[in-house]
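Coordinate inspection notes
The lines below spell out each chain.
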Amino acid sequence: MPEKPYDHTSIELKWCERFADANLFEVTEDPSRPKYYLLEMLPYPSGTLHVGHIRNYTIGDALARYKWMRGFNVIHPMGWDAFGLPAENAAIANKRHPRDWTLSNIAKMKQQHRRYGFSYDWSREVSTCEPEYYRWNQWFFLKMYEKGLAYRKKALVNWCPECATVLANEQVVDGCCWRHESTPVEQRALEQWFLKITAYADELLSAIGELEAGWPERVLAMQRNWIGRSEGAEADFTLVASGHKVRVFTTRIDTIFGATCVILAPEHPLVDELGSPDVKAEAKRMIDSRAAKGPGDIEKEGAFTGLHAQSPFGGPPVPVWIGNFVLTGYGTGAIMAVPAHDERDFEFCRKYGIPVRPVIRPVDGELAREDTIAAFPDDGILENSGEFSGLTSAEARRRMCAQAEAGGFGTHAVTFRIKDWGISRQRYWGTPIPIIHCPKCGSVPVPEQDLPVVLPVNIEITGRGRSPLENVPEFVQTACPRCGAAARRETDTMDTFIDSSWYFYRYCDAHNSQAPFDSAKIAYWFPIDQYIGGVEHAILHLIYSRFFTKMMRDLGLITNSEPATRLFTQGMVIKDGRKMSKSVGNVVSADEMAERYGTDTARLFALFAAPPEKDLDWQFSGVEGAYRFLSRVYRLVTRNADAARDAAPAPPAGDADKAVLRKLHQTIARITEDFDSRWHFNTSIAALMELMNEITEHESALTPGCIASLLPNVVLLLGPFAPYLAEELWEELGRPGPLCKQSWPVFDAALAQDDSVEVAVQVNGKVRARITVPHDTGKEALEAAALADPRVKTHVDGKQVVKLITVPGKLVNIVVKG
RNA sequence: GCCCGGGUGGCGAAACCGGCAGACGCAACGGACUUAAAAUCCGUUUUCUCGCAAGAGGAGUGCGGGUUCAAGUCCCGCCCCGGGCACCA
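Residues numbered from 1 in each chain as written. Chains lettered and ligands numbered in written order. Predicted model: local features only at pLDDT ≥ 70, side-chain atom pairs only at ≥ 80, totals over all residues. Heavy atoms only, no water.

Bringing the sheet that holds strand β29 (residues 578-579) into the picture now. In a beta sheet, neighbouring strands pair by backbone hydrogen bonds and run either parallel or antiparallel. Read from one edge of the open sheet, three strands run β29-β28-β30, paired in mixed fashion. Edge positions in the sheet fall to β29 and β30 (616-617), since each of these pairs with one other strand and no more. Pairing geometry for strand β28 (residues 573-575) and β29, over two bridges, is antiparallel. Bridge pairing in β29 places I574 opposite K579. (Pairing = 2+ DSSP bridges. Helix = DSSP H or I, 4+ residues; strand = E, 2+ residues; numbered from the N terminus.)

The subject of this paragraph is helix α12 (residues 393-407). A rise of 1.5 Å per residue sets the reference length of α12, with its 15 residues, at 21 Å; its end C-alpha atoms lie 20 Å apart and thus fit the reference within 8%. Buried within α12 are the following residues: S393, A396, M400, C401 and A404. In a view along the axis of α12, the buried residues occupy a sector of 130°, so they form one face of it. Those residues of α12 that are exposed and angled more than 90 degrees off the buried face are R398 and A406. Packed against the buried residues of α12 are β10 (230-239), β16 (360-361), β17 (381-382) and β18 (410-415). Once α12 ends, the next one or two residues include G408, with phi positive near 70°. (Expected span 1.5 Å × (residues − 1). Buried < 20%, exposed > 50% of the residue type's maximum accessible area, 1.4 Å probe, protein only. Arc of directions from axis to C-beta. Contact = heavy atoms within 4.5 Å.)

Next up on the list: the packing of helix α21 (residues 655-678) against helix α23 (residues 704-718). Axis angle and axis distance: for two packed helices, these are the angle between their axes and the distance between the axes, and together they describe the pair. Where α21 meets α23, the closest approach of the two axes is 11 Å, and the angle between their N-to-C directions is 25°. The angle between α21 and α23 falls in the class roughly parallel. Crossing handedness for the pair α21 and α23: left-handed. The residues of α23 that touch α21, namely those facing D657, V660, L661, L664, T667, I668 and I671, are C706, S709, L710, N713, V714 and L717. (Axes fitted to C-alpha atoms, helices over the stretch in contact; angles between N-to-C directions. Parallel < 35°, antiparallel > 145°, perpendicular 65-115°, else oblique. Left-handed = near helix turned anticlockwise from the far one by under 90°.)

Moving on, we get to the sheet that holds strand β27 (residues 567-569). Across the sheet, which stays open at both edges, the four strands sit in the order β2-β1-β26-β27 with parallel pairing between neighbours. The open sheet has two edge strands, β2 (73-75) and β27, and neither has a second partner. The average undirected angle you get between the axes of adjacent strands in this sheet is 20°. Examined bridge by bridge, strand β1 (residues 35-40) and strand β26 (residues 530-533) share three bridges and lie parallel to one another. Residue pairing for β26: L39 is matched across the bridge by Y531.

A separate point is the pattern of salt bridges. The full count for this structure, using the stated rule, is 54 salt bridges. A salt bridge links R18 to E731; the nearest nitrogen and oxygen atoms lie 2.8 Å apart. Separated by 713 residues along the polypeptide, R18 in helix α1 (residues 8-18) and E731 in helix α24 (residues 723-732) bring together distant segments of the chain. For R18, a relative accessible area of 45% corresponds to the partly exposed category. With a closest N to O distance of 3.3 Å, K143 and E448 form a salt bridge. Of this pair, K143 sits in helix α5 (residues 131-146) while E448 sits in the loop between β22 (442-445) and α13 (473-476), and the two are 305 residues apart along the sequence. (Salt bridge = Lys/Arg side-chain N within 4 Å of Asp/Glu carboxyl O.)

Turning to the protein's contact with RNA strand B, a few remarks are in order. In the vicinity of RNA strand B lie 47 residues, with T251, I298, K300, R344 and R770 positioned nearest. In RNA strand B, the atoms that sit within 4 Å of the protein are 64% sugar and phosphate, with bases accounting for the remainder. Y330 is positioned such that a nitrogen or oxygen atom in its side chain is 2.6 Å from a phosphate oxygen of RNA strand B. The side chain of K766 places a nitrogen or oxygen atom 3.5 Å from a phosphate oxygen of RNA strand B. Top element by residues in the surface near RNA strand B is helix α22 (residues 681-698). It accounts for six residues. (Near = heavy atom within 4 Å. Polar contact = N/O pair within 3.5 Å; in protein donor to acceptor, adjacent residues only side chain to side chain.)

Turning next to the packing of aromatic side chains. All chains considered together, the criterion is met by 56 aromatic pairs. Measuring from ring centre to ring centre gives 5.4 Å for W15 and F19, while their planes differ by 45°; the resulting arrangement is tilted. Considering the side-chain rings of F257 and F313, the 6.2 Å spacing of their centres and the 55° angle between planes classify their relative orientation as tilted. Taken as a pair, F257 in the loop between β11 (245-250) and β12 (261-264) and F313 in the loop between β13 (302-310) and β14 (318-323) lie far apart in primary sequence, 56 residues in all. (Phe/Tyr/Trp six-rings, centres within 6.5 Å; stacked < 30°, edge-to-face > 60°.)

For the rest of this paragraph, the subject is the packing of α23 against α24. Put simply, α23 and α24 touch, their axes get as near as 8 Å, and they point 160° apart. The orientation of α23 relative to α24 falls into the category roughly antiparallel. Like other packed secondary-structure pairs, α23 and α24 cross with a definite hand, here left-handed. Between α23, through P712, V715, L716 and L718, and α24, the contact on the second element is made entirely by L725, A726, L729 and W730. Partitioned by chemical class, the residues of the contact of α23 with α24 number eight nonpolar, no polar and no charged. (Nonpolar A, V, L, I, M, F, W, Y, C, P; charged D, E, K, R; others polar.)

Quick look at the confidence of the model for chain A now. Summing up the model confidence of chain A, the mean pLDDT is 91 and the portion of residues at 70 or higher is 98%. Interface predicted TM-score (ipTM) for the complex: 0.94; the corresponding pTM is 0.92. (pLDDT = per-residue confidence, 0-100.)

Turning our attention to helix α26 (residues 779-788). When we look at burial in α26, the residues that qualify are L782, E783 and A786. Angularly, the buried residues of α26 cover 100° about the axis, an arc narrow enough to put them on a single face. Packing partners of the buried residues in α26 comprise β31 (756-763), β32 (766-774), α27 (790-796), β33 (800-807) and β34 (811-817).

Two strands pair when backbone bridges link them, and strand β21 (residues 435-438) and β22 are joined in this way by four bridges, in the antiparallel orientation. The residue of β22 that forms the bridge with H437 is S443. As paired elements, β21 and strand β24 (residues 486-489) share two bridges and run antiparallel to each other. Residue pairing in the sheet places I436 in a bridge with R489 of β24.

Grouped together as the largest cluster of nonpolar side chains are 184 residues, with contacts concentrated most on W421, F548 and W618. For this core, the leading source of residues is helix α2 (residues 51-69), giving ten residues. Residues in contact with F548, not counting those within four places in the same chain, are F140, M144, L195, W421, I498, S501 and W502. (Core = buried A, V, L, I, M, F, W, Y, C linked by side-chain atoms within 4.5 Å.)

Here is the structure:
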């Protein structure tokens, strides 16, 4: 049969349509097969897929198809992170309802997904903006409220003027909104709902150890950093004049005899209570200037309060200052300054002429003098510290903590940098917080049977004022569930990161109307075997998800403590050396690729151009190369399809047969290895290209029996990377489909074995010759052959052979002297 | 400042356990086919020196040292790029 030209469009549309209603990848629990839960982070339905999405999903899809072919029961779901601000902005700009806008975007993107043929089980699709989904957000909220894990308090919170809403700490990047990178967030004091993620701070940190085998080190490092556990002590200083206690937190209680002042954060309550008008004014100035400057280096400033305090361990009273570098939200909001042993304290005290009192000497050195020019921040031996003098820092910390606890003036203490998760948003397009404010009963949870609290549809979004829900009387006005009196509904909605904190559980039981899911189904599918997504969620989504999992475990809903055993963070797709963005105008859309080159080509290029964890520059010349390759495969298979169909597969019958079958089995080994360990699909595809080169070279000499055993395997190997083309060629070969449900090719070591190998011969480490010998040549025969080579002889003759190093099948190194 | 990555041809990259550096692809150049072009196919392509040539020799994986028969790979000290954290007491 003559070869056919590769018409990607008709092939891809044919199979796309043929599989449209089949839901080929629908799965159910099946205890007889090993399960594999493969998950890619769900997208925000912005309206169009670009090649960055395509790369992400293609990595997962190749793996899913491979696992299917290896006999796993693969759950591979997809859904939509459908709540969020862009829908409201679009509503303002286009006068469209956020819901319409979102749903039409979802429809469009789902169409694109289908066009690309990703192997999802669409029966499990989840949209987080549907009441069937978000009612369970509300349910989890109520469960947490019962356990004291959800609470309301007035606090200083991050306010993004652009979003007109509050942000969580995790959503503030360099002092600016994560969505508006040049908009500094403001601090506002508001009544807000919080989730007590700090209750799990210790476990979130310690369980990182269990993730080390499967999560990227840098993600874990970022989480450790964010949680920021620090172990130390709290101790009470006593104000000399009034007897007030000032509690300080320190990791270096062993240096307390070197404390030469106490410094309060400008927001510290004692400033308000005892400060003179001047001091209060100074504190306010510090607070304002810190807010104005934002993050970064600020000059240390302080002011003396006029007060003095006494250390609980004795010694002379020290002055009490306020300092702009002392944070109110960390520790106790007050510190003891030990300039001799802390660089920041040193800088501050030097600036204001506060004395430096060294109390720690290096283990093998002298105590620093009081006029030292630098702090000594390391552990050492205590001096001038009363009964503790002579102890090591570590021992002193233990004894001082014990004494503080015994004396009731202090305690061992652990402090975390992570704060509770502020989830209130003054926006419309999110999950309503299921709380009713009653003038008599206070905050009353909506009874479980009244869920969901449905987001009203009739709404006007203006982008001005406070929460849009406040303007919907039929939503706001309600009765108190407890006493029946007229009451107001909470009008804040939840942070959309709640939605994505547990969606992967819902996939396991997506249509359950009685519960968020059936625990037995979770027990079968969980944990996620492989999670794939962008590293930008390292301390947002990924830490919230871990928190939710632990919370759900403690509610008795699930038994796993971590959501995912393995995490893969893929690199970004860039274009012309920069991040793709609408404003730069360098976004490559999925549709454009599908039309110009086909989805198989787009997928192949996405995998071939770089290993998946690295950034990838989307070069159209490289895309052409991928297209050329698929086109070569198509033409090769179609022009040999008759032979492959009519002949029975046979063992190799000549040198050409042997050469291509050898290469085939070497390729099977390489690709299988890539899937099972490193995911370097770029080398898998390179191996396929090498195989193609080898086949074309010998094509005219191949026997029909060889072609019949060769081509089906080539097509199977191609399946995970270019599924539509592979499906088409499988049909061309007369095989019953679908290809994606066939078994992965079986490696045959005997066929893969090279007859002869090229061995490099070095003299003193320099390659002087390459000799070809039978693959099973023994060490001695190999050495003899190496020494006999004329090119080697010219470098060895007349010299003494000191040593021979032989690596069979690879090289011989002849070490000579003289 | 601290913690992660990374630095290999004109470009994307490969070399997985220390064993032939540059597989595979892109681009470029030369050739075949063609009236011509596209497509396709074949060939060259790290670099320098010597040679008409076949070939021979040297250098080479950010820089400087070291270990080793052998280093892109291991060790020590630097430089540069990307990312994260950063007055957290």
